[in-house]
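Descriptive analysis of the structure
Residues per chain, in single letters:
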Amino acid sequence: MTDDKNDGGDVRLTGISKTYGSFTAVHPLELTVPQGSFFALLGASGCGKTTTLRMIAGLEEPTTGTVFLGDKDVTDLPPYKRPVNTVFQSYALFPHLDVSENVAFGLRRRGIKSVKKQVDDMLELVQLGDFAKRKPHQLSGGQQQRVAVARALINHPQVLLLDEPLGALDLKLRRQMQLELKRIQTEVGITFIHVTHDQEEAMTMADTVAVMNGGRVEQLGAPADLYENPRTTFVANFLGTSNLIEAEVVEKSGEDLVVTAGGAKLKLPGGRCSAPDTSGGKILVGVRPEKISLAHKDDEGSIAAGRNRVPGRIVDSSFIGVSTQYVIDSPAGQGLSVYEQNIERDTRLVPGAEVVLHWNPAHTFGLDAAQAIDAGVEKVEDAA
Amino acid sequence: MSALTEAPPAADLPVRKASVRKRLVPYWLLVPGLLWLVVFFALPMVYQASTSVQTGSLEKGFQVTWHFQTYWDAFKEYYPQFVRSLLYAGTATLLCLLLGYPLAYLIAFKAGRWRNVILVLVIAPFFTSFLIRTLAWKTILADGGPVVHALNSLHVLDVTSWLGFTEGDRVLATPMAVVCGLTYNFLPFMILPLYTSLERIDPRLHEAAGDLYATPATTFRKVTFPLSMPGVVSGTLLTFIPASGDYVNAELLGSTDQKMVGNVIQSQFLRVLDYPTAAALSFILMAIVLVMVTVYIRRAGTEDLV
Amino acid sequence: MRWLRRNVIVIAGLATLAYLILPNVVVMVFSFNKPNGRFNYSWQRFSTDAWKDPCGVADMCGSLSLSLQIATWATLGATVLGTMIAFALVRYRFRARGAINSLIFLPMAMPEVVMAASLLTLFLNLGAQLGFWTILIAHIMFCLSFVVTAVKARVMSMDPRLEEAARDLYAGPVQTFVRVTLPIAAPGIVAGALLAFALSFDDFIITNFNAGSTVTFPMFVWGSAQRGTPVQINVIGTAMFVIAVVVVVAGQLVANRRSNSAKA
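Owing to the predicted nature of the structure, the values given are computational and were not obtained by experimental measurement.

The secondary structure content of chain B amounts to 13 helices and three strands. A compact globule built from 306 residues would reach a C-alpha radius of gyration of about 19 Å, whereas chain B, at 27 Å, exceeds it by more than 25%. For chain B, the spread of C-alpha atoms along the principal axes amounts to about 100 × 70 × 35 Å. Counting over 306 residues, chain B shows a buried share of 42%. Nonlocal contacts in chain B, meaning residues at least 24 apart in sequence, comprise 69% of its contacts between residues at least 6 apart.

Assigned secondary structure in chain C consists of 12 helices and zero strands. Element order for chain C, N to C, with α for helix and β for strand: α-α-α-α-α-α-α-α-α-α-α-α. A compact globule built from 264 residues would reach a C-alpha radius of gyration of about 18 Å, whereas chain C, at 23 Å, exceeds it by more than 25%. By its C-alpha atoms, chain C is 70 × 65 × 40 Å across when sized along the principal axes. Counting the 264 residues in chain C, one finds 46% classified as buried. Partitioning the intrachain contacts of chain C with sequence separation of at least 6 by distance along the chain shows that 77% fall at a separation of at least 24.

On to the UniProt feature "transmembrane region" (unreviewed entry) in chain B. If you check UniProt for "transmembrane region" (unreviewed entry), the listed places come out as residues 25–47, 86–109, 116–136, 172–195 and 278–297 of chain B in our numbering. With 100% helix and 0% strand, residues 278–297 of chain B has end C-alpha atoms that lie 28 Å from one another.

Residue-level contacts link 70 residues of chain C with 72 residues of chain B. Elements with a contribution of two residues or more to the side of chain C that touches chain B: α2 (8–30), α4 (60–91), α5 (97–105), α6 (112–126), α7 (132–156), α9 (173–202), α11 (217–227) and α12 (231–263) of chain C. For the side of chain C that touches chain B, the per-class residue count stands at 54 nonpolar, 14 polar and two charged.

Residue and element names in this part refer to chain A. On the basis of which strands lie adjacent, the open sheet formed by six strands has the order β6-β7-β8-β3-β9-β10 and mixed pairing. The two strands at the open ends of the sheet, each matched to only one other strand, are β6 (84–87) and β10 (216–221). Across this sheet, the average inter-strand angle for adjacent strands is 20 degrees, counted without regard to direction. Inspection of the sheet shows β6 paired to strand β7 (residues 159–163) by four bridges, in the parallel sense. Bridging from a neighbouring strand, asparagine 85 pairs with leucine 160 of β7. Relative to β6, helix α4 (residues 141–153) is tilted by about 175 degrees, and along the sheet it contacts β6 and β7.

In this section: the environment of methionine 190 of chain B. Residue and element names in this part refer to chain B. Within the secondary structure, methionine 190 is located in helix α7 (residues 175–199). For methionine 190 and serine 234, which are 44 residues apart along the polypeptide, the C-alpha to C-alpha distance reads 7.8 Å. Each residue touching methionine 190, except ones within four places of it in the same chain, is listed here: Cys96, Leu97, Gly100, Gly235 and Thr239.

A positive phi angle, close to 50 degrees, is found at tryptophan 66 of chain B, a residue other than glycine. Here tryptophan 66 of chain B lies in the loop between β3 (61–64) and α2 (69–110). The phi angle at tyrosine 170 of chain C is positive, at roughly 70 degrees, despite the residue not being glycine. Tracing the backbone shows tyrosine 170 of chain C in the loop between α8 (160–168) and α9. Judged by the 22 C-beta atoms lying within 10 Å of it, tyrosine 170 of chain C falls in the buried class.

In this section: the confidence of the model for chain B. When pLDDT is averaged across chain B, the result is 86; 92% of the residues are at 70 or more. Scored below 50 in pLDDT, residues 1–11 of chain B makes 23 contacts in the model with residues more than four places away or belonging to other chains.

The sites that UniProt annotates as "domain: ABC transmembrane type-1" (unreviewed entry) are residues 82–296 of chain B. Within the segment residues 82–296 of chain B, helix and strand shares are 78% and 0% respectively, and the terminal C-alpha atoms sit 19 Å apart.

As a further point, take the sheet that holds strand β16 (residues 308–319) of chain A. Residues and elements named next belong to chain A. Taken in spatial order, the five strands make up an open sheet running β15-β19-β16-β17-β18, and their pairing is antiparallel. Looking along the sheet, the strands with just one partner apiece sit at the ends: β15 (293–296) and β18 (333–341). Averaged over all adjacent pairs, the angle separating strand axes in this sheet is 45 degrees, with direction ignored. Two strands pair when backbone bridges link them, and β16 and strand β17 (residues 323–330) are joined in this way by six bridges, in the antiparallel orientation. Paired with arginine 313 across the strands is aspartate 329, a residue of β17.

Moving on to the packing of helix α12 (residues 261–272) of chain B against helix α13 (residues 275–300) of chain B. All names here are of chain B. Running from N to C, α12 and α13 cross one another at 155 degrees; their axes reach a closest spacing of 8 Å. Relative to α13, the element α12 lies roughly antiparallel. Crossing geometry of α12 relative to α13 is assigned as left-handed. For the pair formed by α12 and α13, the contact residues are Val261, Val264, Ile265, Gln268 and Phe269 on the first element and Tyr275, Thr277, Ala278, Leu281, Ser282 and Leu285 on the second. Here the contact of α12 with α13 is composed, by residue class, of eight nonpolar, three polar and no charged.

Before going further, it helps to spend a moment on the packing of helix α1 (residues 20–52) of chain B against α13 of chain B. Residue and element names in this part refer to chain B. Where α1 contacts α13, the axes come no closer than 7 Å and their chain directions differ by 120 degrees. It follows that α1 is oblique to α13 by the angle criterion. Regarding α1 and α13, the two cross each other, and that crossing is left-handed. Only Tyr275, Pro276, Ala279, Ala280, Ser282 and Phe283 of α13 make contact with α1, whose side of the interface consists of Gln48, Ala49, Thr51 and Ser52. Within the contact of α1 with α13, the residues separate by chemical class into six nonpolar, four polar and no charged.

The next thing to look at is the environment of alanine 78 of chain C. All names here are of chain C. By secondary structure assignment, the location of alanine 78 is in helix α4. Alanine 78 gets classed as buried once you count the C-beta atoms within 10 Å, which come to 29. Placed 115 residues apart in sequence, alanine 78 and alanine 193 show a C-alpha to C-alpha distance of 7.8 Å. Discounting residues that sit within four places of it in the chain, alanine 78 has contacts with Ile140, Cys143, Leu144, Val147 and Ala196.

Let us look at α7 of chain B. With 25 residues, α7 of chain B should cover 36 Å at 1.5 Å per step; its first-to-last C-alpha distance of 35 Å lies within 8% of that length. With 21 of its 25 residues buried, α7 of chain B lies for the most part within the structure.

Before going further, it helps to examine the confidence of the model for chain C. With 98% of its residues at a pLDDT of 70 or more, chain C shows a mean pLDDT of 90. Confidence metrics for the complex model read pTM 0.81 and ipTM 0.89.

Now for the pairing of strand β19 (residues 354–359) of chain A. All names here are of chain A. One ladder, built from four bridges, connects β15 with β19; its direction is antiparallel. Of the residues in β19, the one forming a bridge with serine 293 is histidine 358. Inspection of the sheet shows β16 paired to β19 by six bridges, in the antiparallel sense. Bridging from a neighbouring strand, proline 311 pairs with valine 356 of β19.

How each quantity is defined
- Residues numbered from 1 in each chain as written.
- Chains lettered and ligands numbered in written order.
- Predicted model: local features only at pLDDT ≥ 70, side-chain atom pairs only at ≥ 80, totals over all residues.
- Helix = DSSP H or I, 4+ residues; strand = E, 2+ residues; numbered from the N terminus.
- Rg over C-alpha atoms; globule rule 2.2 N^0.38 Å.
- Buried ≥ 20, exposed ≤ 12 C-beta atoms within 10 Å, placed from the backbone.
- Contact = placed C-beta atoms within 7 Å.
- UniProt positions renumbered as here; feature names shortened; annotations may be inferred.
- Nonpolar A, V, L, I, M, F, W, Y, C, P; charged D, E, K, R; others polar.
- Pairing = 2+ DSSP bridges.
- Axes fitted to C-alpha atoms, helices over the stretch in contact; angles between N-to-C directions.
- pLDDT = per-residue confidence, 0-100.
- Parallel < 35°, antiparallel > 145°, perpendicular 65-115°, else oblique.
- Left-handed = near helix turned anticlockwise from the far one by under 90°.
- Expected span 1.5 Å × (residues − 1).

Below, the structure is given as structure tokens:
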């Protein structure tokens, strides 16, 4: 926490909310983004992440609450008076101006006369030195994206806001630009607040990720922490894939919790269960697909003792190079996913084979069973 | 580390209101122009409505007497002109569509690098006063001129005279001359909207239709034409509406037998000075056009023309 | 035969084009005529007299300059008012949108003679002096809707994020409008203004009702159709046609060159 009065670079939102008529886009929200961090707001479309970003930029007036930049209340400042710049979704480059004039726009508006050196330096930083005289429509998507970044960064904002800046690029370019943006952020040391619906992008780039859903922040933390210890089914499903199994609490044994699911007895660390652990209560037991190992039923005896195990049958398998992904039906749950690294492939593991799934109990987490089990699962129709 | 807590419910927090000045911006933008239209377009309609139910004379002045009889009298006396107006305007609109569609299609799909040249040639005549250009038709269709001579030797005029479109060896001062003038005058208003809607059609749709076993004729009927409907609708409206109230072509190219309702309104208003009759005629024309346009737009199914 | 069938659209299109151009050709040719009598309807012999003395007809050039003045002011008025309305319609939400849209659409769906007659009724009732000002008022009125339509189409296709980007980059409301909104909306505004100019300059019906004894160029031509058509009318018509074509072609060439040099 940075409660002490430093030079005041933190972005602080207190009680900020936005409603349109009867629809609440963002519920009252408290959020502090420390200076110099790379912060990601992650969520599906319509979760309120872009609205939050636009309230920081000043493009949207909050219904309630206050936006602080450092110690300064900027809630009533129009966007052109805030030391904050935005990289817009699909870039919003000015079509009637060439690249260098686009980049110089902010400087000129603040009455700075000699902009050439700064513009050249900035274009050099984003590796577009040779394109200064081109019009935006003559550039590729990736180049346009870099112009948009340069146009914002040249103003040395206290905070750079990025609204799905890579959404329009193809996969390969996106990966490349992720590293590029990360490099620029490290180089200039400005706070970046990055809005995205791509969980991989958020995890690759950000120090801190806030997962938003339905206008609220569901969970906030470092990427690895969010991935390993999701506290809601939405986070468990939206960040990567989780196998969630309905289970009943049997007892507490020391640090561990013992539960049953479909006849199988499973253990998990009590500290990793965010649900009430009263015995007889229902919880959801979660485990990531890559933590699970598969053994053919005939080899069951060779599984080390103390591991969680669930019997099942392979329904489907797909080979994707580095790993093979299996879909398994078991008494504990239908359609469980298992990712096996392709090190030594067991040729008996084909659809129809009877298998045993086993994993280290420490890799298990527990969630409140009162939530929808499939919250945050990407559905075909809204995969964008 | 970042901190996160849910704030107390929204009800406890002061709600910010957009400033009054900001909310008034759209009205400041709208008011001057709309006021202009209200005062100089809508208000005159009210005055005209009141004039149409007045009686009196120019010397003694006119009074509102709710004399609706004027409407019936005006319509009874001038219904041939009404019928003629609608007939001529309708024929001219149809001709504009038949003549304009191939040209719009040509510009949109076949012209290549000539596209802009042809567009300029379609628009450029506008810059010569339409009255001058209409007078040129007097020369073109003159008795004994090359056009009449050619039509005569091909025996076209025999057929058109028999149909009542022309009279004897003349084209000038016949219905054909007036319709020809109307068609000519409003043709660009048909071509431009047609071109705009055709140009938006992805040429790959033609290939797709061909790929899916459509002959060129079927492709046109099932793909191109339906997609150009917005252009057809606005083109026909932009042609029919002004043509129905026009009196220039009838005056310059026709004779007293081709007078349209516009001629009557003009002479009642500016020469006879019988304001109630003129106002009533003008209202009847407006009502007819508005009803036809509304029905047409409904049936064509495009309502967003503005 | 197959060639004919394949090119039937091209042939029909070119025939229509010829139909459109023919009167202009006639006007041009007859500007070199030396007619017998007062009417310039049949070819007599070649002469450049009219071209040497284009203002040789009483009152014609005066009416021409009056028409140009009215068209200029009407264009200015209609473009400013129409652009404001177009922006308000696209960018804001407000009550009575349907009524406002109808008020803008109706003048275009109304035969000119109806508007002309009703406007004259208003002016007569108010006892207004017919002349320059009543013509100007009428022209701004009927041009307004066309400008709104042209500008609205352009503004609708504009990305509102461009203006947000400008505001984000330290441009205040005025700067945003001048530096970003206006340049990007310019093609629509120019199109609307050109249309307004052409409509105003060429208007006869509404002007005829509301001009009183003032004579614009179209009214001069109308009058001369009764009294006798001087060859100078054709000279003016031809000159305007040629000027228009030259301006458009030159503009096109400049635009081409600019986009070529930008690519290089």
